[in-house]
Amino acid sequence: MSAAEWRNAMNAGSGRLAMGKVLVLPPQEKTESWTRKNPIRARHVLVLGFLLAFPMYATPFLTYQIGAQSLALGLIALSLTFLGGYGGMVSLAQMTVAGVAGYMLAVFGASGEAALSLGWSWWIAVPIAIVIATLVGTAIGWLSVRTEGIYTIMITLAVGVAFYYLCLQNYSVLNGFQGFQRVYAPTVLGINLREPVPFYFLVLACALGGYFLAKYILRAPFGIAMQGIRDNPRRMNALGFHVMAHRVAAYAVAGLIAAVGGVLFTWYNGLVTPGSVGTSWLINILVIAVLGGMRHPIGPFIGAIVFVLLQTFAIDLIDRERFNLVIGGVFLAIVLFSPDGLLGLWAALKSRFPSGSKFLTPRGGIR
Amino acid sequence: MKKRTFVRTLVGAAVLAVFSGVAYSQQTVKIGLLSNLEGPFAAGGADGMRGAELAIKQKNGMAGGRKIELIKASSDAKPDVAVNATRKLVEQDKVDIMVGPLSGGEGIAVKEYSKTQPNITFINGSSGAQATTLVNPSPNFFRFNTEGAQWMVGLGKAALDKGYKRVMVIAEDYAFPYSQVQGFMSEYCRLGGKVPVKAWVPLGGKDYASVIARIPKDVDALVVILGGADAVNFLNQYEAAGGDKPMIGGSITVSQDVLNYKGKRRDSLVGTIAGAPIADSFDAPEFKAFVADYQKNYPVSAGGYPSPSLFALVYYINMKAALDGLDAVKGDLSGGQAKYREALTKMVLKTPVGDVRLDSNRQAIGTTFITEVVKDAQGNLSNRVLRKVDGIDQMLGMKKEDFKMGSRDEPNCP
């Protein structure tokens, strides 16, 4: 029995009940969809066209603060969606991995702290930062895969908080409370990547890369096995899959995505401080992933856009002393009315107006 | 003929002046105000906003003949959040002048951002990091408040006057206490005092047992530079351990929390000296007027403090500088605000605590108060002004070549 067949067998069974009628599809059709090449639909062209044209008509502020920030945060949240939605492992330490990348970028590359930064060129510093952060992400995975559910959340939270305090109190390498200022994107081939439009396209390219990487892996045998492990690890084990190895590998892939996101987010802010890896950011990444929906790799990007828009403009909507109420209220409403986030709303609309198209997504992740 | 030309020119100039005056007064000046309405300084940040609003209220919302439109934003003491909020105010809401942010790390980050917006003038809120104006200063970032090291100048001498020849420093482990310790020690060491031990404790620490164990027998006093709750925790544990050394406080140590301390050592707090840019009991008429105005506009029932906090005063001072600058140039912000900046640079700002001038890095040269805790007839503890030190610059009276920024190991006199 192949992983896909096994999966369908599971899907047809009681495991589906929780999802309601939305995703109940004939097994036969589903098997085909895993091998069939995904056709390009109108909405894909529309979204890509919009993303490419966005900086042409948006102000530099919108391009940079809304566009680039959303995509960079979305990339970090994508790593959580990948782990949580498809691997069943909710890790709160993804922002930590991103933060490690940011800190390593500042330590090996150039920053305002000339005494602590090594000042290497970006083309050495960036790969080193990404490699180290990916290794840290893998190590966190290796540490936490022996746990399940809430214990995974606890152990990754503990790792994240530990790293926060390390950053706060280590002065010899990480510059303590101050962190690193002036960690700027480089000028490459005469293009200053600090400028809003070039930076936007850099982040867009990385976000698309991350998105398609996630999509590709989720359809590759490894991704299928990972989803199998999410749904029933004992069964997968019995089928001869090495559960731990798959899970650690999933953390490694997520670590890579988060690391790239971390480099971009650090460049976006131009700084990295302990506040960048504090608990509020660990939770924010989870909020973004849940808000968007963990059923599809596009979810975290949608979640990030909503999150950034709210963070930026909520203060204009209401009394300035109370704007956090709006942010909290909107988050609460989304999660309350659609447990699967904004993607869930989309799916609910689709099922209400069936048009023959198939909304194929794996099952929601957090259990 | 000549005379007629002259008259014409005069009339023409007058008409022009009137028109340009009209043109300016028709436009509002947008001022962005960034403080903390969330995070650890939310209460202080709200009071900072009150201070800034008070400065605008006192001028009836007008400066330089133009109406002031205030746009507020919030941060949570994190530099990245502060820059995001500032960027929104500058690039989206198109403010002409920025006032903020609140805390040190934010200040450095906003100063760096200000370099990318050369046509906007940035004035500090209450952030007090030394590095903001000492390391890579920005030509359009102004700070009319003194910072952490300046706030402690005069305390070293006061400590020696009390007969404290050797002291131990207990301070939180980040930039602000470093500055405070430097402000104290640079003077104290110069005048012959000794600091054999410095203990750096984590911010928000709960257990001070190891620090208390390290207090040498032969020190005369403890320099305790801890924020509100940390200071009370330390006092409790020090009392439980049987300690009896007198205390010297930082600018935020001897707060109301500490004065309300109910432990057995309460009486030993009497005589504690501290340095700060504000003293509730300062009796200059300008300061009394400021306090009365604050109390009138923000009574305790409406969420104000019984007396304006450090944040309210400092935000007030910086906002007042922004408005006085507008008055000085009659609302003329043309030419990339060049004239306005010129006016700010040369201004002698009248504040409730004395005159403030700027140095070449656009950093305030101002006043510090040395206070002492006293007990009144009802047994309540309060701060009394012991001494007022004027004209303190950021070099703390040192030559530029000799000056090094405060850190764990600088200055040093064991």
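Residues numbered from 1 in each chain as written. Chains lettered and ligands numbered in written order. Predicted model: local features only at pLDDT ≥ 70, side-chain atom pairs only at ≥ 80, totals over all residues. Heavy atoms only, no water.

Grouped together as the largest cluster of nonpolar side chains are 107 residues, with contacts concentrated most on A:L73, A:F82 and A:W267. By residue number, the principal contributor to this core is helix α4 (residues 60-87) of chain A, which donates 14 residues. Sequence-distant contacts of A:F82, that is, excluding residues within four places in its chain, are made with A:G87, A:A214, A:I217, A:L218, A:M226, A:A250, A:V253 and A:A254. Core analysis: the second largest hydrophobic core is formed by 84 residues, B:Y178, B:Y188, B:I248 and B:F287 among them. (Core = buried A, V, L, I, M, F, W, Y, C linked by side-chain atoms within 4.5 Å. Buried < 20%, exposed > 50% of the residue type's maximum accessible area, 1.4 Å probe, protein only. Helix = DSSP H or I, 4+ residues; strand = E, 2+ residues; numbered from the N terminus. Contact = heavy atoms within 4.5 Å.)

Attention now goes to the sheet that holds strand β4 (residues 97-99) of chain B. Residues and elements named next belong to chain B. Pairing within the open sheet is mixed, and its six strands lie in the order β2-β3-β1-β4-β5-β6. Looking at the sheet topology across the chains shown, the edges are occupied by β2 (62-63) and β6 (141-142). Where strand β5 (residues 121-123) meets β6, two bridges bridge the pair, whose relative direction is parallel. Each bridged residue has a counterpart across the sheet, and for I123 the counterpart in β6 is F142. Sheet contacts for helix α2 (residues 42-58): β1 (29-36) and β3 (66-75); angle to β1, the most-contacted strand, approximately 155°. In the packing of helix α12 (residues 310-328) onto the sheet, contacts are made with β1, β2, β3, β4 and β5, and the angle to β1 comes to roughly 170°. (Pairing = 2+ DSSP bridges. Axes fitted to C-alpha atoms, helices over the stretch in contact; angles between N-to-C directions.)

A word on the side chain of B:E106. All names here are of chain B. Mapped onto the secondary structure, E106 falls in helix α4 (residues 104-114). Salt bridges are absent for the buried E106, whose nearest opposite-charge side chain, K78, sits at 9.6 Å. At 2.7 Å, the side chain of E106 forms a polar contact with the side chain of S103. Setting aside residues up to four positions removed in sequence, E106 forms contacts with N36, S75, A77, K78, P79, A82 and P101. (Lys, Arg positive; Asp, Glu negative; His and termini not counted. Salt bridge = Lys/Arg side-chain N within 4 Å of Asp/Glu carboxyl O. Polar contact = N/O pair within 3.5 Å; in protein donor to acceptor, adjacent residues only side chain to side chain.)

Turning our attention to the state of the cysteines. Residues and elements named next belong to chain B. Counted according to the given criterion, the structure contains one disulfide over all chains. The disulfide that involves C189 links it to C413, with 2.0 Å between the sulfurs. Its S-S torsion of about -55° marks the bond between C189 and C413 as left-handed, since a negative value means left-handed. In this pair, C189 is assigned in helix α7 (residues 175-190) and C413 in the segment after β15 (381-392), connecting sequence segments 224 residues apart. (Disulfide = S-S within 2.5 Å.)

Residues and elements named next belong to chain B. Here chain B is partitioned into domain 1 (24-145 + 284-367) and domain 2 (150-282 + 368-402). Centre-to-centre separation of domain 1 and domain 2, based on C-alpha positions: 29 Å. Where domain 1 touches domain 2, the interface holds zero salt bridges. Put simply, domain 1 and domain 2 have nine residue pairs in polar contact (both at pLDDT 80 or more) between them. Listed by contribution, the elements that provide at least two residues to the side of domain 1 that touches domain 2 are α5 (131-134), α11 (285-297), α12 and β14 (364-375). Here the side of domain 1 that touches domain 2 takes four residues from β14, the largest share from any one element. Considered class by class, the residues forming the side of domain 1 that touches domain 2 number ten nonpolar, eight polar and three charged. (Domains from an automatic or database assignment. Nonpolar A, V, L, I, M, F, W, Y, C, P; charged D, E, K, R; others polar.)

With that out of the way, let us pick up the pairing of β15(B). Residue and element names in this part refer to chain B. Inspection of the sheet shows β14 paired to β15 by nine bridges, in the antiparallel sense. Bridge pairing links T371 to V385 in β15. Between β14 and β15, which follow one another and run antiparallel, lie five residues, and G379 among them has a positive phi close to 90°.

Here we take up α7(B). All names here are of chain B. Between its first and last C-alpha atoms α7 spans 22 Å; for 16 residues at 1.5 Å apiece the expected length is 22 Å, and the two agree. The buried fraction of α7 is high, at 14 of 16 residues. Looking at the residues trailing α7, positive phi occurs at G192, about 105°. (Expected span 1.5 Å × (residues − 1).)

Our focus in this paragraph is the pattern of salt bridges. Side-chain pairs of opposite charge can arise whenever the charged atoms involved come near each other. One pass over the structure, following the stated rule, counts 25 salt bridges over all chains. The shortest N-O distance in the salt bridge between B:D327 and B:K59 comes to 2.6 Å. Pair noted here: B:D327 is in helix α12 and B:K59 is in the loop between α2 and β2, with a separation of 268 residues, a long-range link. With a relative accessible area of 23%, B:K59 lands in the partly exposed category. Of the charged contacts, one joins B:E112 and B:K115 as a salt bridge, the two residues approaching to 3.4 Å between their closest N and O atoms. A relative accessible area of 6% means that B:E112 is categorised as buried. A residue is classified by how much of its surface remains accessible, and B:K115, at 31% relative accessible area, is partly exposed. Ionic contacts of the salt-bridge type, sharing partners, join the residues A:R182, B:K111, B:E112 and B:K115 into one network.

All names here are of chain A. According to the domain assignment, chain A consists of domain 1 (67-305) and domain 2 (324-361). Taking only C-alpha atoms into account, the centre of domain 1 sits 25 Å from that of domain 2. Contact with domain 1, which involves ten residues of that partner, is made by ten residues of domain 2. Summing both sides of the interface, domain 1 and domain 2 together bury roughly 920 Å²; the carbon and sulfur share of this comes to 72%. On the domain 1 side of the interface with domain 2, the three residues burying the most area are V290, L291 and R295, jointly 64% of the side's total. The tally of links between domain 1 and domain 2 comes to one salt bridge. Among the ionic pairs, R295 bridges to D340, the shortest N-O distance being 3.0 Å. Inspection of the region where domain 1 meets domain 2 yields four residue pairs in polar contact (both at pLDDT 80 or more). Looking at the side of domain 1 that touches domain 2, the elements with two or more residues in it are α12 (279-292) and α13 (299-317). (Buried area = accessible area lost by both parts, 1.4 Å probe.)

On the chain A side, the residues contacting the 30 residues of chain B number 31 residues. When chain B packs against chain A, close to 2600 Å² is buried across both sides, 53% of that on carbon and sulfur atoms. Of all residues in chain B, B:D80, B:R87 and B:K88 give up the largest surface area on contact with chain A, accounting jointly for 21% of the area buried on that side. The interface formed by chain B and chain A contains two salt bridges. Notably, a salt bridge pairs A:D316 with B:K88, separated by 2.9 Å at the nearest N-O pair. The tally of links from chain B across to chain A stands at eleven residue pairs in polar contact (both at pLDDT 80 or more). Elements with a contribution of two residues or more to the side of chain B that touches chain A: β3, α3 (79-92), α4 and α7 of chain B. With seven residues, the top contributor of residues to the side of chain B that touches chain A is α3(B).

Take unusual backbone geometry next. A cis amide bond, omega 0°, links B:G100 with the succeeding residue B:P101. Among the structural elements, B:P101 can be located in the loop between β4 and α4. At A:L189, a position not held by glycine, the phi torsion is positive, near 50°.

Residues and elements named next belong to chain B. Of all twelve residues making up β14, ten are buried, and the element is well covered by its neighbours. Here strand β11 (residues 273-276) runs beside β14; their pairing, made up of four bridges, is antiparallel. By the bridge assignment for β14, A274 is matched with T371. Between the antiparallel neighbours strand β13 (residues 354-358) and β14 lie five residues, among them R362 with a positive phi of about 60°.

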